[in-house]
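Listed below, chain by chain, are the residues.
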Amino acid sequence: MKIKATIERVPGGMMLVPLIVAAVINTFAPQAFEIGGFTSALFKHGALPLIGAFLLCTGAGISFRAAPRALLQGTTITLTKVLIGVILGFSISHFFGSSGIFGLSSLAVIAAFANANGGLYAALVGEYGTEQDVGAISILSLGDGPLFTMIALGAAGLANIPLMALVAVIVPILVGMILGNLDPQMRDFLTRAAPVFIPLFAFSLGTGINLDLLLKGGFAGICLGVFTTFVGGFFNIRADRLVGGSGVAGAAASSTAGNSVATPLAIAQADPSFATVAAAATPLIATSVITTALLTPLLTAWVAKRNAAAAAKAGNS
């Protein structure tokens, strides 16, 4: 059986196929991953350590010379995501009020746009990107949680920059960079291992997705996910290319982070006047998480394919 070849025919298949399979199982048989032991540790609770190992292995391929460009790339994409979300969110609030239109409030839009699914990003740039693209995750991780949404909604005094969360993301990359730059054999050894982790942590991420949320979020939530990937992606790709990237990192960052589902609650706790809007926004954001997890790999694969075609054409001319 040609399982690997079949999976790789799907754009971003090594990430997308395991994630979808796990989400389907979790939706219809959620107890399947709760039998304990190594099974639950790997398939249900293994995402964070597996992503950490992946970042260490990919970090080994990052030269010290590439680090400044990776920081610039990550900062540019992050600022672009936040800025587009704020512009769209404030526009909705200005024209349609705090409740928004078709359920899409400013809170829902900003929370969905202002962050990226770090695991999805890591997998996609690991497959299609460069060492700079991988290093950019250290900055993109700043978008996790409600920080930028709080700042955008005028609650900056109630949030602190999650410095330790950023450090926690950087450490595995730095360890890999040090090993890879000190010893070329370690660099080869670790970078060859990186692709193995992609389907493993993708499956683990999928076990946290319940497809029933698509029904709760409905058409508005799906639209929010489509806008996040394709409207946000349009600007993310261009921002990435503006600072010398290929556009792959910008496309790979065009998703909604899973932990952004908790952002409306955090906002409502900071400002109780958002309680009603937050309750309506939560299922929409959850639907956006699922929708972007399916669409972002397709967008990233398309950008990578166009880049390869352009490079081939330039080489033949």
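All figures in this text were calculated on a predicted structure; none of them were measured in a lab.

Visitor: Whenever I open this one, the overall build of the protein confuses me. Can you help?
Guide: Broken down by element type, the protein carries 16 helices and zero strands. Across the 317 residues of the protein, 49% fall into the buried class. For the protein, long-range pairs separated by at least 24 residues make up 82% of all intrachain contacts whose partners lie at least 6 apart in sequence. Roughly 14800 Å² of accessible area belongs to the protein as shown, and the carbon and sulfur atoms make up 71% of that amount.

Visitor: Before we go on, may I ask you to explain the nonpolar core in this structure?
Guide: The nonpolar side chains of a soluble globular protein tend to be buried, and buried together. Counting residues in each nonpolar core, the largest one holds 45 residues, and the members touching the most others are Met15, Phe54, Leu55, Tyr121, Ile198 and Phe201. Within the residue set of this core, elements represented by two or more residues are helix H2 (13-28), helix H4 (47-59), helix H7 (118-128), helix H9 (137-140), helix H11 (163-182), helix H12 (184-206), helix H14 (248-252) and helix H16 (275-316). Setting aside residues up to four positions removed in sequence, Phe54 forms contacts with Ala122, Ala123, Gly126, Ala194, Phe197, Ile198 and Phe201. Counting residues in hydrophobic clusters, the runner-up holds 19 residues, among them Ala111, Leu224, Phe274 and Ile285.

Visitor: Quick question: what am I supposed to make of H7 here?
Guide: Think of an α-helix as 3.6 residues a turn; residues three or four steps apart then line up on the same face. The set of residues buried in H7 consists of Gly119, Leu120, Tyr121, Ala122, Ala123, Leu124 and Val125. N-cap assignment for H7: the residue whose side-chain oxygen lies 3.0 Å from the backbone N of Leu120 is Asn117.

Visitor: Which parts of the structure should I look at to understand the layout of surface pockets?
Guide: Over the atoms rolls a probe the size of a water molecule, and its path tells where empty space is left. Here the second largest pocket defines a volume of roughly 160 Å³. Lining the second largest pocket we find 15 residues, and of these Thr58, Val125, Gly126, Val134 and Ala194 sit closest to its centre. The element contributing the most residues to the lining of the second largest pocket is H12, with four residues. Each residue belonging to the lining of the second largest pocket can be placed in one class, and the counts come to eight nonpolar, six polar and one charged.

Visitor: I would appreciate a short explanation of the environment of Phe230 in the present structure.
Guide: You can see Phe230 is positioned in helix H13 (residues 212-242). Taking C-alpha positions, Phe230 is 9.3 Å from Thr292, a pair spaced 62 residues apart along the chain.

Visitor: Please clarify how the UniProt feature "transmembrane region" (unreviewed entry) in the protein should be interpreted in this entry.
Guide: Mapped onto this structure's residue numbering, the UniProt feature "transmembrane region" (unreviewed entry) falls at residues 12-33, 45-64, 76-96, 102-124, 136-155, 161-182, 189-211 and 217-237. Counted over residues 45-64, helix gives 65% and strand 0%. Its end C-alpha atoms are 32 Å apart. The annotated region residues 102-124 carries 65% helix and 0% strand content, and the separation between its end C-alpha atoms amounts to 32 Å.

Visitor: I would appreciate a short explanation of the confidence of the model for the protein in the present structure.
Guide: Detail in the predicted coordinates should be disregarded across regions flagged by low pLDDT. Scored by pLDDT, the protein has a mean of 82; 86% of the residues are at 70 or more. Residue range residues 155-161 is modelled with pLDDT below 50. Its contacts to residues more than four positions away, or to other chains, number ten contacts.

Cut-offs used in this document
- Residues numbered from 1 in each chain as written.
- Predicted model: local features only at pLDDT ≥ 70, side-chain atom pairs only at ≥ 80, totals over all residues.
- Heavy atoms only, no water.
- Helix = DSSP H or I, 4+ residues; strand = E, 2+ residues; numbered from the N terminus.
- Buried < 20%, exposed > 50% of the residue type's maximum accessible area, 1.4 Å probe, protein only.
- Contact = heavy atoms within 4.5 Å.
- Areas by Shrake-Rupley, 256 points an atom, 1.4 Å probe, with all protein chains shown as cover.
- Core = buried A, V, L, I, M, F, W, Y, C linked by side-chain atoms within 4.5 Å.
- Polar contact = N/O pair within 3.5 Å; in protein donor to acceptor, adjacent residues only side chain to side chain.
- 1 Å grid on protein atoms, 1.4 Å probe; cavity = no way out; pocket = protein on both sides within 12 Å on 5 of 7 lines; lining within 4 Å.
- Points joined across faces, edges and corners; volume = space filled by probe spheres on them.
- Nonpolar A, V, L, I, M, F, W, Y, C, P; charged D, E, K, R; others polar.
- UniProt positions renumbered as here; feature names shortened; annotations may be inferred.
- pLDDT = per-residue confidence, 0-100.

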